[in-house]
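These are the residues of each chain, in order.
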Amino acid sequence: MKIFAHRGTSTHFPENTQSAIMAALKANVDGIEVDVQSALDDYVIIHDTYLDRTTNGKGKVCDLSAQQIQQFDAGNGEQVPTLQQLIDWNNNQTLLNLELKHTFELEKFATQLEMNIAANKISADNILVSSFNHHQLHWLKSRLPWLKIGTLTASIPLQYAKFAEDLQAFSIHVDKNFMNKSFVDDAKLRGLQVFAYTVDEVEDIKLMLACGIDGIFTNDPERTKHYLAQLNEL
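Residues numbered from 1 in each chain as written. Predicted model: local features only at pLDDT ≥ 70, side-chain atom pairs only at ≥ 80, totals over all residues. Heavy atoms only, no water.

K.L.:
Go over the packing of helix α1 (residues 18-26) against helix α3 (residues 83-90), please, and point to the residues and values.
P.N.:
Pairs of packed helices are described in terms of their axes, by the angle between the two and the distance that separates them. One can describe the packing of α1 onto α3 by two numbers: an axis separation of 10 Å at closest approach and a directional angle of 25 degrees. Comparing their axes, α3 and α1 come out roughly parallel. The crossing of α1 and α3 is right-handed. Here Gln18, Ile21, Met22 and Leu25 of α1 come into contact with α3, specifically with Leu86, Trp89 and Asn90. Among the residues making up the contact of α1 with α3, the classes are represented as five nonpolar, two polar and no charged. (Axes fitted to C-alpha atoms, helices over the stretch in contact; angles between N-to-C directions. Helix = DSSP H or I, 4+ residues; strand = E, 2+ residues; numbered from the N terminus. Parallel < 35°, antiparallel > 145°, perpendicular 65-115°, else oblique. Left-handed = near helix turned anticlockwise from the far one by under 90°. Contact = heavy atoms within 4.5 Å. Nonpolar A, V, L, I, M, F, W, Y, C, P; charged D, E, K, R; others polar.)

Here you go:
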């Protein structure tokens, strides 16, 4: 089962920051999930629409420039990273799951991905773009046919994973509380990878293993890897 660091190693470091990203890389994770939002002039790595929860700033992310946002403390004196900084830090070491939040100007986003691939800063195989906004995923897949997309859901649709298959998705990302084996089996029959979020407790890890999913998003990847190693020895 693959281990994805949720917002980096966010249990021990401020979420979506350089320290959280670097700790996840050190833990040798299968991927790192981060949140992408639009500032006035750039893409920044932050979860909330507003700055208030994760920084000492106030206001909406989209109303400020990246430079203005980076003046705020995102925890332990760190800055909110830009998308380019994230790609540079990762240095193509692992898969980046870029979850689109309040994200605009997708043509600019697509171009930035293409430029980084052309510059050998990241491989196409190490990019996975996910979102609850399936319209944006549909547009991106049309613009970049090679792009791996992950459809997010916090529900069990009547037709299970059909919506993800219709979008030509690579993966379906499901809230652990809405995961069951029927959903997983249906997704597998449609050729989809199945990932669950956010899975930290050993009982939930056991349940996800029983469902036969392909990977989990976790806030503490080292601890989760330890749990998995123990379970595999049973």
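K.L.:
Tell me what's going on with the nonpolar core, and back it up with residues and numbers.
P.N.:
If you look at the biggest cluster of nonpolar residues, it comprises 52 residues, and the most contacted ones within it are Ile32, Leu98, Phe109, Val129, Ile172, Met179 and Ile213. Here the element with the most residues in this core is helix α4 (residues 106-118); it accounts for four residues. When residues no more than four places from it in sequence are discounted, the contact partners of Ile32 are Ala5, Gly8, Ile21, Ala24, Leu25, Thr94, Leu95, Leu96 and Asn97. Ala39, Val44, Ala66 and Ala74 belong to the second-largest nonpolar core, a separate cluster that totals ten residues. (Core = buried A, V, L, I, M, F, W, Y, C linked by side-chain atoms within 4.5 Å. Buried < 20%, exposed > 50% of the residue type's maximum accessible area, 1.4 Å probe, protein only.)

K.L.:
Break down the packing of aromatic side chains for me, with residues and values.
P.N.:
Using the criterion set out here, one finds six aromatic pairs in the structure. Look at Tyr43 and Phe109: their rings are 5.6 Å apart centre to centre, the planes differ by 80 degrees, and that puts the pair in the edge-to-face class. Of this pair, Tyr43 sits in strand β3 (residues 43-45) while Phe109 is found in helix α4, placing the two residues 66 residues apart along the sequence. Phe109 gets classed as buried once you look at its relative accessible area, which sits at 0%. On the numbers, 6.2 Å between centres and 85 degrees between planes, the contact of Phe195 with Phe217 is edge-to-face. Separated by 22 residues along the polypeptide, Phe195 in strand β8 (residues 193-197) and Phe217 in strand β9 (residues 215-218) bring together distant segments of the chain. With respect to burial, Phe195 and Phe217 carry one shared label: buried. Site record: aromatic cluster; members linked through ring pairs are Phe4, Phe195 and Phe217. Above the face of the Tyr43 ring, Lys108 is positioned so that its terminal group lies 5.2 Å from the ring centre. (Phe/Tyr/Trp six-rings, centres within 6.5 Å; stacked < 30°, edge-to-face > 60°. Lys NZ or Arg CZ within 6 Å of the ring centre and 35° of its normal.)

K.L.:
Describe the pattern of salt bridges, listing the residues and the values that go with them.
P.N.:
Tallied over the full model, the rule gives 18 salt bridges. Residue Glu107 is joined to Arg143 by a salt bridge in which the shortest nitrogen-to-oxygen separation is 3.0 Å. Of the two residues, Glu107 sits in helix α4 while Arg143 sits in helix α5 (residues 134-143), which places them 36 residues apart along the sequence. Asp166 serves as the salt-bridge partner of Lys162, at 2.8 Å between the closest nitrogen and oxygen. Of this pair, Lys162 and Asp166 both sit in helix α6 (residues 162-166), four residues apart, roughly one helical turn. Relative accessible area serves as the criterion here: at 47%, Asp166 is assigned to the partly exposed category. By sharing partners, the salt bridges in this structure join Arg7, Glu15, Asp35, Asp48 and Arg53 into a single network. (Salt bridge = Lys/Arg side-chain N within 4 Å of Asp/Glu carboxyl O.)

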